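# Summary of the model geometry
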2 protein chains.
Amino acid sequence: MAAANIKQVAKHAGVSLGTVSNVLNRPDLVSPATRQKVLDAITELGYVRNDSARQLRAGRSRTVAILVLDVSNPFFTDVVRGAEAVVEKAGGMLIVCNSGEDPRREQRNLDMLEEQRVQGLLVTPVSDGRHPRLDAFVKRGIPVVLVDRGSGHPSRCSVAVDDVAGGRLAAEHLAERGHERIGFVGGPVTIRQVADRHHGAAAALADRDTPHDLQLFTTPSLSVDAGRQAADELAALAAGERPTAVFCANDLLALGVLQGLTAHGLRVPEDVAIVGYDDIEFAAAAAVPLSSVRQPRAQLGRTAAELLLEESMNDGNHQHRHVMFQPELVIRVSSDRYR
Amino acid sequence: MAAANIKQVAKHAGVSLGTVSNVLNRPDLVSPATRQKVLDAITELGYVRNDSARQLRAGRSRTVAILVLDVSNPFFTDVVRGAEAVVEKAGGMLIVCNSGEDPRREQRNLDMLEEQRVQGLLVTPVSDGRHPRLDAFVKRGIPVVLVDRGSGHPSRCSVAVDDVAGGRLAAEHLAERGHERIGFVGGPVTIRQVADRHHGAAAALADRDTPHDLQLFTTPSLSVDAGRQAADELAALAAGERPTAVFCANDLLALGVLQGLTAHGLRVPEDVAIVGYDDIEFAAAAAVPLSSVRQPRAQLGRTAAELLLEESMNDGNHQHRHVMFQPELVIRVSSDRYR
DNA sequence: GGGTTGTAGTGAAACGTTTCACAGGTGGCA
DNA sequence: TGCCACCTGTGAAACGTTTCACTACAACCC
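Residues numbered from 1 in each chain as written. Chains lettered and ligands numbered in written order. Predicted model: local features only at pLDDT ≥ 70, side-chain atom pairs only at ≥ 80, totals over all residues. Heavy atoms only, no water.

## Considering the pattern of salt bridges
Selection rule: Should a side-chain nitrogen of Lys or Arg be within 4 Å of a carboxyl oxygen of Asp or Glu, the pair is scored as a salt bridge. Only DSSP runs of H or I reaching four residues or more are called helices, and only runs of E reaching two or more are called strands; each is numbered from the N terminus. Only protein chains enter the accessibility calculation, which uses a 1.4 Å probe; a residue whose area is less than 20% of its type maximum is buried, one above 50% is exposed, and one in between is partly exposed.
Scanning the entire structure with this criterion turns up 38 salt bridges over all chains. Among the ionic pairs, A:Glu310 bridges to A:Arg321, the shortest N-O distance being 3.5 Å. Here A:Arg321 lies in the loop between α12 (297–313) and β11 (322–325) and A:Glu310 lies in helix α12, a separation of 11 residues in the sequence. Look at A:Glu310 and you get partly exposed, because its relative accessible area is 32%. When the shortest N-O distance is used, the salt bridge between B:Arg177 and B:Asp336 registers 2.8 Å. Highlighted residues: B:Arg177 in the loop between α8 (163–176) and β6 (181–186) and B:Asp336 in the segment after β12 (328–330), separated in sequence by 159 residues. The residues B:Arg177 and B:Asp336 share a single accessibility class, namely buried. Overlapping salt bridges bring together A:Asp111, A:Glu114, A:Arg133 and A:Arg140 as one network.

Have a look at this one:
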């Protein structure tokens, strides 16, 4: 019941309080005999360090937090696992928080993480643009690494995948397969990744010799459900106006579109080809195996954590870096009509 | 840079340290004029509470932790979201930790969470059975709620879904559809859920009038990959010996089996029917929409969090409860050959 | 033997809160 | 006027660590 503290351990072992602390933190300063006495006392009393006190005194925590947009999006779970590996190897602990793409929940989480004085923060903010809230972290000495957002900010590191390049890959592939009316499904367009992927696709098509059309189908979110709704829209168009291929801003949307089109009796890829984005594990297991733009997700998490820890160690003279990874197109049946 | 503390705020506002604390914690004790002065000082200095100190003094945290087996398993992400909603409504914060089904990582996470003196712990332990490690939490006054594990333990609450009933549902369904040679794909069998689902299925078949066979295909894990390997085993059997239906311990396995069988040229459900477990979002989007046993996942998380908070409040006179939810069978194409 | 060096262990101070007994001041009431 | 009650605000104590200046003692060297 009563949580034993260092003082009780000291008394029980017949040594001073400072000695117990030394056993815990610098065991080499203590003679083996004394050390053993202390360790025995610790076991006997079931003593466990109080991290609050330790942290209060030390002024720093060994906990790194990652605040993601959606815990149930496989993209983020892989990023988390990459980051986890690095943080744990460094002897720290990674805690995962979820904003659910809700600015208020993001705010709340940031508030509590700042109060906790976490060692550092990996975050994908809900909105792109300026983040005074994150500047507060930096000012307080808590390094922040942006994940898949806001590359190039002068006062923090960032890791991202080149979404413009990803958009290009997808559109070029579809154009090469002979598609001339192409749709882009994604939204909200305020999300930078969505906008970038769209711009990349548009740019790729504009670079082509022959004219290509890129019709925008805006969705309220990046979910399977939103994809189904977009499919309804697509199905409602006359065959001559309907895009013969769509590029979706992520795989959840793509799976939704696939399901929706199938429900409407449209065939993939014969009537409409689909390319998704993220290459989640289930992309290959979809009703029609899904072509997708693959991002090095775990790598993203690993690098983000490494940058964070590096900044956290090199107090003072740290150069912020912006790492950009290149995506890769994985072609499967959903876009392979002409192969 | 220098994180402002309460003392500096007090000085800046021209009041005493205790008054600032009162403004923060019991604003009604402070006159409006003074309160405003203090609030202004707080804003001006960018003061943010130090949770370590607060927690040290208070002896308790407002952070609830959930330690899951696999952050990237959709089952757990839904449980997390359910728990999140409840904890946040209560003004707390939920942090997610991942054991990755590795006992050593579980151990490490538990160590750090105990040091942090979290308010409570929702956990799905890697191994079933006795958990002296968790008893330590309870002894220290940190309530523990088991999620989908170890129902009936006298010193902690638990929430679970009736896996035996789930197994029965699946097997009865397949038997009714006329299958007599049925396979069970799952493992390791040391995982209680796997064993329960198997037992439920076996029991349902034993209750039948006509003899039914339940052949066990053990897998090393509950992943898509393991499912693919199980499919190889199935495909290698002669058609007359091969089960005409398999019940998989979870949907990841089922998707893997589906993929693997298809790759071997076997048709689902014509050659082999499949029933999965969990009804993850992608079950319906699989190459062949997957029949599955659905668990009330978010409900599980919500209830777990509610039990935890209740125990945390009602210090002393709390009755541990064990809530068992009933699963539900969702029939889709993968098992619907005779419909 | 005096001085130096090194090793083991000590205990007070400090980290930033919250709480609590208490002090000053104001107004009401007899 | 004297007493009491009430409202605001005060500042010291306590939470459990880590750190650091310090003591005690032994060993070594000249």
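## Some points on the nonpolar core
Condition: We call a set of buried Ala, Val, Leu, Ile, Met, Phe, Trp, Tyr and Cys residues a nonpolar core when their side-chain atoms join them within 4.5 Å. Between two residues, a contact is recorded if the distance between any of their heavy atoms is within 4.5 Å.
If you look at the biggest cluster of nonpolar residues, it comprises 89 residues, and the most contacted ones within it are A:Val257, A:Leu261, A:Ile274, B:Val257, B:Leu261 and B:Ile274. When residues no more than four places from it in sequence are discounted, the contact partners of B:Val257 are B:Val185, B:Gly227, B:Arg228, B:Ala230, B:Ala231, B:Leu234, B:Val246, B:Cys248 and B:Ile274. Grouped together as the second largest cluster of nonpolar side chains are 57 residues, B:Leu69, B:Phe75, B:Phe76 and B:Phe325 included.

## Some thoughts on the sheet that holds strand β7 (residues 213–218) of chain B
Adjacent strands of a sheet form backbone hydrogen bonds with each other and so pair up, either parallel or antiparallel. Residue and element names in this part refer to chain B. Our working rule: Two strands form a pair only when DSSP identifies at least two bridges running between them. Working convention: axes come from line fits to C-alpha atoms, limited for helices to the stretch in contact. Angles between N-to-C directions cover 0 to 180 degrees.
Read across the open sheet, the six strands follow the order β7-β6-β8-β9-β10-β12; overall the sheet is mixed. A single partner strand is all that each edge strand has here, and the edge strands are β7 and β12. Shown here is a sheet whose adjacent strand axes are inclined to one another by a mean of 20°, direction ignored.

## Details of the packing of helix α5 (residues 74–89) of chain A against α12(A)
All names here are of chain A. What counts here: In this scheme, roughly parallel covers angles under 35 degrees and roughly antiparallel covers those over 145, while 65 to 115 is roughly perpendicular and the rest are oblique. In this scheme the handedness of a crossing depends on how the near helix is turned from the far one: anticlockwise by less than a right angle means left-handed, clockwise means right-handed.
It is the contact of α5 with α12, at a shortest axis distance of 7 Å, that shows an interaxial angle of 45°. What the angle tells us is that α5 and α12 run oblique. Considering how the two elements wind past one another, α5 and α12 form a crossing that is right-handed. Residue-level inspection shows Pro74, Phe75, Asp78, Val79, Gly82, Ala83, Val86 and Val87 of α5 in contact with α12, the latter providing Arg297, Ala298, Leu300, Gly301, Arg302, Ala305, Glu306 and Leu309.

## Quick notes on the packing of aromatic side chains
All names here are of chain B. Spelled out, the test is: Side-chain rings of Phe, Tyr and Trp (the six-membered ring for Trp) are treated as a pair once their centres are within 6.5 Å; stacked means planes under 30 degrees apart, edge-to-face means over 60, and tilted covers the remaining angles.
In this structure the tally under the stated criterion is seven aromatic pairs over all chains. Relative to Phe247, the ring of Phe184 has its centre 5.5 Å away and its plane inclined at 70°; by these criteria the two rings are edge-to-face. Taken together, the residues span a long stretch of sequence, with Phe184 in strand β6 and Phe247 in strand β8 (residues 245–248) at a distance of 63 residues. Each of the two residues, Phe184 as well as Phe247, counts as buried.

## Looking at the interface of chain B and chain A
Spelled out, the test is: In this description, buried area is defined as the sum, over both parts, of the accessible area (probe of 1.4 Å) that is lost when the two are combined. Identification of polar contacts relies on pairs of N or O atoms within 3.5 Å, with a donor-acceptor requirement for protein atoms, meaning one able to donate a hydrogen and the other able to accept it, and with residues adjacent in sequence counted only if both atoms are side-chain atoms. Polarity classes work like this: nonpolar for Ala, Val, Leu, Ile, Met, Phe, Trp, Tyr, Cys and Pro, charged for Asp, Glu, Lys and Arg, and polar for all others, with Gly in that last group.
Listed by partner, the interface residues are 53 residues for chain B and 53 residues for chain A. In this assembly, chain B packs against chain A so that about 4700 Å² is buried in total across both faces, 53% of it on carbon and sulfur atoms. Three residues stand out in chain B for area buried against chain A, namely B:Met93, B:Glu115 and B:Phe282, and they jointly supply 14% of the buried area on that side. The tally of links from chain B across to chain A stands at 23 residue pairs in polar contact (both at pLDDT 80 or more). Listed by contribution, the elements that provide at least two residues to the side of chain B that touches chain A are α4 (51–58), α5 (74–89), β2 (93–98), α6 (103–115) and α11 (251–263) of chain B. Considering every element that reaches the side of chain B that touches chain A, the biggest residue donor is α6(B), with seven residues. Tallied by class, the residues present in the side of chain B that touches chain A amount to 24 nonpolar, 14 polar and 15 charged.

## What to know about the UniProt feature "domain: HTH lacI-type" (unreviewed entry) in chain A
Stated precisely, the cut-off is as follows: UniProt positions are given in the numbering used here, feature names are shortened, and annotations may be inferred rather than shown by experiment.
Residues annotated in UniProt with the feature "domain: HTH lacI-type" (unreviewed entry) correspond here to residues 4–58 of chain A. With 71% helix and 0% strand, residues 4–58 of chain A has end C-alpha atoms that lie 20 Å from one another.

## Concerning the relation of the copies chain B and chain A
Quick reminder of the rule: Least-squares fitting of one copy onto the other uses the C-alpha atoms of those residues that reach a pLDDT of at least 70 in both copies.
Overlaying chain B on chain A yields an RMSD of 0.1 Å, the required transformation being a rotation through 180° with an accompanying axial translation of 0.1 Å. Seen this way, the second copy is the image of the first under a two-fold rotation axis. Distance from the rotation axis, computed per C-alpha, reaches its smallest value in chain B at B:Ala287: 1.5 Å.

## Here we look at the protein's contact with DNA strand C
This is how the line gets drawn: Note on definitions. A residue lies near a molecule or strand when any single heavy atom of the residue is within 4 Å of it.
Near DNA strand C, the surroundings consist of 23 residues, among which A:Ser16, A:Thr19, A:Thr34, B:Ile6 and B:Tyr47 are the closest. Of all atoms in DNA strand C that approach within 4 Å of the protein, 68% are sugar or phosphate atoms. Contact between DNA strand C and A:Ser16: a phosphate oxygen at 2.7 Å from a main-chain N or O atom of the residue. Within the side chain of B:Asn25, a nitrogen or oxygen atom sits 3.1 Å from a phosphate oxygen of DNA strand C. In terms of residue count, the dominant contributor to the surface near DNA strand C is helix α2 (residues 17–25) of chain A (four residues). Across the surface near DNA strand C, the residue classes tally to eight nonpolar, 10 polar and five charged.

## Concerning the sheet that holds strand β7 (residues 213–218) of chain A
Residues and elements named next belong to chain A. Across the sheet, which stays open at both edges, the six strands sit in the order β7-β6-β8-β9-β10-β12 with mixed pairing between neighbours. Edge strands, defined here as strands with exactly one partner in the open sheet, are β7 and β12 (328–330). Each strand of the sheet is rotated relative to its neighbour by a mean of 20°, with strand direction disregarded. As judged from the four bridges shared by strand β9 (residues 273–278) and strand β10 (residues 291–294), these two strands associate in the parallel manner. Bridging across to β10, Tyr277 finds its partner in Val293. Together, β6 (181–186), β7, β8 (245–248) and β9 form the strand contacts of helix α9 (residues 192–206), whose direction differs from that of β7 by roughly 165°.

## Some remarks on the side chain of B:Asp163
Structurally, the position occupied by B:Asp163 is in helix α8. Leave out the neighbours within four places in its chain, and B:Asp163 touches B:Asp148, B:Gln193, B:Asp196, B:Arg197, B:Tyr277 and B:Gln295.

## Description of the pairing of strand β5 (residues 157–161) of chain A
Side chains on a regular strand alternate between the two faces of the sheet. All names here are of chain A. Burial within β5 is extensive, with five of its five residues counted as buried. Alternating residues of β5 divide into Cys157, Val159 and Val161 and Ser158 and Ala160, and every residue in both groups is buried. Across three bridges, strand β4 (residues 144–147) lies against β5 in parallel orientation. Bridging from a neighbouring strand, Val147 pairs with Val159 of β5. Alignment of β5 against β11, held across four bridges, turns out to be parallel. Bridged to Ala160 within β11 is Met324.

## Some points on the protein's contact with DNA strand D
What surrounds DNA strand D is a group of 23 residues, the closest being A:Ile6, A:Arg57, B:Ser16, B:Thr19 and B:Thr34. Counting only the atoms of DNA strand D that lie within 4 Å of the protein, the sugar and phosphate share comes to 69%. Here a phosphate oxygen of DNA strand D and a side-chain polar atom of A:Tyr47 are 2.8 Å apart. Taking B:Arg57, its side chain carries an N or O atom lying 3.0 Å from a base nitrogen of DNA strand D.

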